[in-house]
Amino acid sequence: MATTLVTEIQRAQARLRSLSRADRSALIVRILRELQTHRQEVLGHVPADRCVWIDRLIASVSSTIAEITGMPDAEFNRVLNEFEKLMATLHNISHAEQQLKTIH
């Protein structure tokens, strides 16, 4: 799922100038949902005090969707770059953990 989202982010970056505010909002909401899913499904067993970073990120994104979608193109692109890296990293970590579980 995260790889599909990374592709969506890359496509959005390629057509950034033509993205409406609604398109931007939908993408940020999609990113937020992926973060929430990761928190529940992958980190659900991890003690809450070790997941403060993702909980804060989710809360921050949730409360600033309007500000994020209203950013100038260059700033919005930088935000998308960071989300793209984060999603790819989370996917790679999750995938590596699943492989380790399979081996053991």
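This structure is a prediction, so every number in the text was calculated from the model and none was measured.

K.L.:
Looking at this structure, how should I read the side chain of Glu 84?
P.N.:
Tracing the backbone through its elements, the reader meets Glu 84 in helix α5 (residues 73–103). Buried charged residue Glu 84 carries no salt bridge. Nearest counter-charge: Lys 85, at 8.3 Å. Once residues lying within four places of it in the same chain are set aside, the contact partners of Glu 84 are Val 6, Ile 9, Gln 10 and Gln 13.

K.L.:
Just checking my understanding: could you explain the pattern of salt bridges for this structure?
P.N.:
Pairing is possible between side chains of opposite charge, provided their charged atoms come close. Inspection of the entire model under this criterion finds 5 salt bridges. Salt-bridge contacts for Arg 30 lead to Glu 8; the nearest nitrogen and oxygen are separated by 3.2 Å. Here Glu 8 lies in helix α1 (residues 2–14) and Arg 30 lies in helix α2 (residues 21–41), a separation of 22 residues in the sequence. Note on Glu 8: relative accessible area 28%, which makes it partly exposed. Note that Lys 85 and Glu 82 form a salt bridge whose closest N and O atoms lie 3.1 Å from each other. Of this pair, Lys 85 and Glu 82 both sit in helix α5, 3 residues apart, roughly one helical turn. Residue Glu 82 is classed as partly exposed on the basis of its relative accessible area of 46%.

What counts as what
- Per chain, residue numbering runs from 1 following the sequence as it is written.
- For a predicted model such as this one, the threshold for reporting local features is a pLDDT of at least 70, and the threshold for listing and counting side-chain atom pairs is 80 or more; totals across whole chains, interfaces and linings nevertheless cover every residue.
- Side-chain calculation: all heavy atoms of the structure are included, whereas hydrogens and water are not.
- Here a helix means four or more residues in a row that DSSP labels H or I, a strand means two or more in a row labelled E, and each is numbered from the N terminus.
- Throughout this description, buried means an accessible area under 20% of the type-specific maximum (1.4 Å probe, protein chains only), exposed means over 50%, and partly exposed covers the range between.
- Counted charges follow a simple rule, with Lys and Arg positive, Asp and Glu negative, and His plus the chain ends left uncounted.
- Salt bridges are counted wherever a side-chain nitrogen of Lys or Arg sits within 4 Å of a carboxyl oxygen of Asp or Glu.
- Should any heavy atoms of two residues lie within 4.5 Å, those residues are considered in contact.

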